[in-house]
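Given next are the chains, with one letter for each unit.
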Amino acid sequence: MRFPDSGRRARLARRHALYPEHRLDDATEVARALVAYHATDASTVHLTAAARLRSPDVPTVERALYDDRTVVKQLAMRRTLFGFPVEILPAVWGSASERVAVQQRAQLSRDLERHGVSDDGAGWIERASAAVLERLAGGEELTARQLREELPALHGRTTVTTGSRWDLANVPFAPRLLTLLGAEHRIVRAHNEGHWRTSRPRWALTETWLANVPEPLPVADGYAALVRAWLGAFGPGTEADLVWWLGATKAAVRAALRAVEAVEVTLDSGATGYLLPGDDLVDDPLDDPWVALLPTLDPTLMGWRERDFYVASALVPHLFDSNGNGGTTAWADGRVVGCWVQDDDAKVRVIPCAPIGPVHAELLDAEAERLTAFLDGVVISSVYKSRMMKGEPLP
């Protein structure tokens, strides 16, 4: 069976809550529609929700994150921070987060020894972890700085550098320990001390933050649950898409596809795509044209590795950095047609990468006004600015 690109674009419009008639009322519903928010850039969570909520405002997102706690930030696939609906955490903890945690623990142990902090990196991690967990046991939420200042067991800084931008001298190891404990779901990012566009988390014990802490699923079951969720939101997609999105091995992905009894379809590219059983009906075209303005690292932009059905390959170097991190994007009928930036007065402005017809241009102007109203004077900055966002000309 063939599943055309037009059907894939219509499906993402509906299932990702981008088509106006399919927008949602609750930030947790948005997370479920996308499997998870990308949360590396703190502002991405709020802007991702804003693009998909009927009446977007900051309190709606904050309520899901900090009051209802139905969306929880968790390090997972590809060592990336996501905001997951709480019910999928057992799958994440038992699979993607576990994989990342094992890697991070080994790397931290090696670096502690390499930088002369301890002759026994593993022992340092155990002592420092015990100190953090004991300090948070009373139910308090503390920042990395507060924990570092209070707990001598966390003392230790880098002393040498190889010259890499990621291997800086005189940087404390405490934040990396907290990141590891978060990956191991022993602690969690709780309230944010800064503005919503910045990341200054306080840390809390997981059992303090969540009313009920579920047990992680076994590895295979966890990956199967994540693949099932991804296929429901992003399918059809290829094995390569899933390997990239999950940050997992081909063997793990293939086992998960078998476990969910995924159905094969043929994509317009000729590649084999996968869908959940009974979900292979091609989506009908949408009644009206539609547009969207999405933030850096938006889950829709970052949902597939093979992106030709929604962004021209020639544009990829101008919209993504060398590590595959996507900047802001402007969409029309399921295709990327440019990006967006803000003027000095915080007004959103669309930068097209190709001529846009008058209907879509008018819709994009209206969406820019809607986003400007949501931002309410807040200027968003990001380390993931694309070449197009920086104003570099197209070839």
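Below: a short report on this structure.

Let's talk about the sheet that holds strand β6 (residues 187-192)
Right, on to step 1. The strand order β5-β7-β6 describes an open sheet built from three strands, whose pairing is antiparallel. Only two strands of the sheet have a single partner each, and these edge strands are β5 (142-143) and β6.
Right, on to step 2. Of the strand pairs in this sheet, β5 and strand β7 (residues 201-205) are connected by two bridges, and their pairing is antiparallel. Across the sheet, the residue bridging to Thr143 is Arg202, located in β7.
Right, on to step 3. Seen against the sheet, helix α7 (residues 121-136) touches β5, β6 and β7 and runs at an angle of roughly 90 degrees to β7.

A look at the nonpolar core
Side chains of a nonpolar character, in soluble globular proteins, are inclined to be buried together.
Right, on to step 1. Within the largest apolar cluster, 110 residues are counted, with the highest numbers of intra-cluster contacts made by Phe84, Val132, Leu177, Leu231 and Leu246.
Right, on to step 2. Of all the elements, helix α11 (residues 219-234) adds the most residues to this core, at nine residues.
Right, on to step 3. Apart from residues no more than four positions distant in its own chain, Leu231 is found in contact with Leu242, Leu257, Val260, Ala262, Tyr274, Leu275, Leu276 and Asp279.
Right, on to step 4. Counting 18 residues, the second largest nonpolar core, distinct from the first, contains Trp340, Val348, Leu371 and Ile380.

Topic: empty space enclosed by the protein
Right, on to step 1. Using the criterion set out here, one finds four cavities of 30 Å³ or more in the structure.
Right, on to step 2. Taken as a whole, the largest cavity holds about 110 Å³ of empty space.
Right, on to step 3. Within the residue set of the lining of the largest cavity, elements represented by two or more residues are α4 (58-67), β3 (71-75) and β6.
Right, on to step 4. Sort the elements by how many residues they give to the lining of the largest cavity and β6 lands first, with four residues.
Right, on to step 5. Counted by class, the lining of the largest cavity contains eight nonpolar, two polar and three charged residues.

What to know about helix α6 (residues 96-114)
Right, on to step 1. Taking 1.5 Å per residue as the helical rise, α6 with its 19 residues ought to reach 27 Å, and the 27 Å between its terminal C-alpha atoms agrees with that figure.
Right, on to step 2. Taken together, the buried residues of α6 touch β3, α5 (89-94), α7, α9 (174-183) and α11.
Right, on to step 3. Phi turns positive, to about 75 degrees, at Gly116, one or two residues after α6.

What counts as what
Throughout this document, residue positions are counted from 1 along each chain, in the order its sequence is written. With the structure being a predicted model, the display of local features is reserved for residues of pLDDT at least 70 and the display and counting of side-chain atom pairs for 80 or more, all residues being used for whole-chain, interface and lining totals. The side-chain values count all of the structure's non-hydrogen atoms but skip hydrogen atoms and water molecules. Strand pairing is assigned whenever DSSP detects at least two bridges linking the two strands. Numbering of helices and strands runs from the N terminus, with a helix taken as a DSSP run of H or I at least four residues long and a strand as a DSSP run of E at least two residues long. Residues are treated as being in contact if the distance between any of their heavy atoms lies within 4.5 Å. Axis angles are defined between N-to-C directions and span 0 to 180 degrees, where every axis is a line fitted to C-alpha atoms and, for a helix, only to the segment in contact. Only buried residues count toward a nonpolar core, which is a set of Ala, Val, Leu, Ile, Met, Phe, Trp, Tyr and Cys residues joined through side-chain atoms within 4.5 Å. Think of it in three bands: residues with accessible area under 20% of the maximum for their type are buried, residues over 50% are exposed, and the middle band is partly exposed, with areas taken using a 1.4 Å probe on protein chains only. Buriedness for pockets is judged along seven lines, at least five of which must meet protein on both sides within 12 Å for an open set on the 1 Å grid over protein atoms alone, while cavities are sets there where a 1.4 Å probe fits but cannot get out, and lining residues have an atom within 4 Å of a point. Grid points are joined across faces, edges and corners, and a volume is the space filled by probe spheres set on the points. Residue polarity is assigned by list, with Asp, Glu, Lys and Arg as charged and Ala, Val, Leu, Ile, Met, Phe, Trp, Tyr, Cys and Pro as nonpolar; anything else, Gly included, falls into the polar class. Helix span is expected to be 1.5 Å times the residue number reduced by one.

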